[in-house]
Amino acid sequence: MQRRSRGINTGLILLFSQIFRVGINNIPPVTLATLALNIWLFLNPLKPLYNSCISVERCYQQKDWQRLLLSPVHHADDWHLYFNMVSMLWKGVNLERRLGSKWFAYIIATFSLLTGVVYLLLQFVFAEFMNEPDYRRNCAVGFSGVLFALKVLNNHYCPGGFVNILGFPVPNRFACWAELVAIHFFTPGSSFSGHLAGILVGLMYTQGPLKKMMETCAGMFSSNIDYPGQQYYFNSSGYSGYQDHYPYSRPGSYEQAPRNYDVYTAGLSEEEQLDRALRASLWDRGESSWSFLRALGFW
């Protein structure tokens, strides 16, 4: 974890430029709220980073469990915020309109908490088995663990195809693991355990019991939550119809034609969208810095 740099927050300015390029009316409500919350807490942090980051020593040994809630929504500096939130923008648009806003909000809240818990477990295991007490003290902050979990979901719902990572085509189903290794080696200071925790939480949802557990809990407390499969499109006038998706293998009716998101995605994949956005924003940072940022997608 690094301290925030002072001066002009170039990353924050570029993040706003990307948000307005997409168009606020084109961003679903939960995704927009997540972006707003992270930006607000970057500008007005509830606590200093040292008191917000998550570690085994601080959370478990000193019983400071509020860090589980604080760490995902605080960022080390403006570039940390920029790369995470640009990634969140594309993932959020894709997943929220597929899953529905209520369920997506449920996922964001659950993943934010679980990635922290899994991170602590991983750090504890590494400290014990590798006999390295520093793992207990390593303190992590940022939304990237949640983003790795969302990446697993996105690849689960959109299987097939390839992504370009460090110049190599990688099948979508392996992209998270390739990005995990690439970020670890090419981005000093990144949290390997935090990103790995995100992948494991995503797999718990797509391949394990987490999704069923969430559905059970949602049914206990409310009957109004949109379960995954019921899909909505969002525009400036609200929800506007269903996508061609049948959660129970039965065709449904349509209220309106689905909104065409290619208007602002230009038909590009998430990686291609992010690639284009970063090229437009970081043209002055040099080709050497761009080569790995383009491949990694977020910090």
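Predicted, not measured: the structure shown is a model, and the values here were computed from it.

1. Observations regarding the UniProt feature "transmembrane region" (unreviewed entry) in the protein chain
Point 1. Per the UniProt record, the feature "transmembrane region" (unreviewed entry) sits at residues 12–42, 103–127, 139–157 and 177–205.
Point 2. Helix makes up 81% of residues 12–42 and strand 0%, whereas the separation of the span's terminal C-alpha atoms amounts to 9 Å.
Point 3. Strand forms 0% of residues 177–205 and helix 83%; the C-alpha atoms that close the span are 17 Å apart.

2. Comments concerning the confidence of the model for the protein chain
Point 1. When the pLDDT values of the protein chain are averaged, the result is 78; 71% of them are 70 or greater.
Point 2. Here strand E4 (residues 238–239) stands out as the element of the protein chain with the lowest mean pLDDT, 31, in contrast to helix H2 (residues 29–43), whose mean of 96 is the highest.
Point 3. Under a pLDDT of 50 for its full length, residues 230–268 has, in the predicted model, 68 contacts with residues more than four places off or in other chains.
Point 4. Taken together, the stretch residues 277–299 has pLDDT below 50 and engages in 53 contacts with residues farther than four places along the chain or on a different chain.

3. Comments concerning a nonpolar patch on the surface
Point 1. Together, Leu-166, Phe-168, Val-181, Phe-185 and Phe-186 make up an exposed nonpolar region whose accessible area comes to about 520 Å².
Point 2. When you line up the elements, Leu-166 lands in the loop between strand E1 (162–165) and strand E2 (168–171).
Point 3. A relative accessible area of 30% means that Leu-166 is categorised as partly exposed.

4. A short note on the pairing of E1
Every regular strand shows the same layout, with side chains that alternate between the two sheet faces.
Point 1. Going residue by residue along E1, you find Val-163 and Ile-165 tucked away on one face and Phe-162 and Asn-164 left uncovered on the opposite face.
Point 2. Relative to E2, E1 is paired through four bridges, and the arrangement is antiparallel. When the bridges of E2 are listed, Phe-162 appears paired with Pro-171.
Point 3. Counting the residues between successive antiparallel strands, the hairpin from E1 to E2 contains two residues, one of them, Leu-166, with a positive phi of roughly 55°.

5. So, helix H10 (residues 192–206)
Point 1. Its 15 residues give H10 an end-to-end C-alpha distance of 21 Å, which sits within 8% of 21 Å, the value for a rise of 1.5 Å per residue.
Point 2. H10 sits mainly inside the fold: 11 of its 15 residues count as buried.

6. Regarding unusual backbone geometry
Point 1. Not every positive phi belongs to a glycine, and Asn-131 is a case in point at roughly 55°.
Point 2. By secondary structure assignment, the location of Asn-131 is in the loop between helix H6 (101–129) and helix H7 (134–137).
Point 3. Its identity is not glycine, yet Leu-166 carries a phi of approximately 55°, on the positive side.

7. Comments concerning the state of the cysteines
Point 1. A full pass over the atoms with the stated rule returns one disulfide.
Point 2. The side chain of Cys-53 participates in a disulfide bridge whose partner is Cys-139; the two sulfur atoms lie 1.9 Å from each other. Measuring handedness by torsion sign, the sulfur bridge of Cys-53 and Cys-139 sits at about 90° and is right-handed. Of this pair, Cys-53 sits in the loop between H2 and helix H3 (56–61) while Cys-139 sits in the loop between H7 and helix H8 (144–157), placing them 86 residues apart in sequence. Side by side, Cys-53 and Cys-139 carry an identical accessibility label, which is buried.
Point 3. You can see Cys-59 has no disulfide; the closest cysteine sulfur is in Cys-139, sitting 7.4 Å from it.
Point 4. Given a relative accessible area of 0%, Cys-59 falls into the buried group.

What counts, and where the lines are drawn
- Residues numbered from 1 in each chain as written.
- Predicted model: local features only at pLDDT ≥ 70, side-chain atom pairs only at ≥ 80, totals over all residues.
- Heavy atoms only, no water.
- UniProt positions renumbered as here; feature names shortened; annotations may be inferred.
- Helix = DSSP H or I, 4+ residues; strand = E, 2+ residues; numbered from the N terminus.
- pLDDT = per-residue confidence, 0-100.
- Contact = heavy atoms within 4.5 Å.
- Patch = residues over 30% accessible without salt bridge, like charges linked within 9 Å, V, L, I, M, F, W, Y side chains within 5 Å.
- Areas by Shrake-Rupley, 256 points an atom, 1.4 Å probe, with all protein chains shown as cover.
- Salt bridge = Lys/Arg side-chain N within 4 Å of Asp/Glu carboxyl O.
- Buried < 20%, exposed > 50% of the residue type's maximum accessible area, 1.4 Å probe, protein only.
- Pairing = 2+ DSSP bridges.
- Expected span 1.5 Å × (residues − 1).
- Disulfide = S-S within 2.5 Å.

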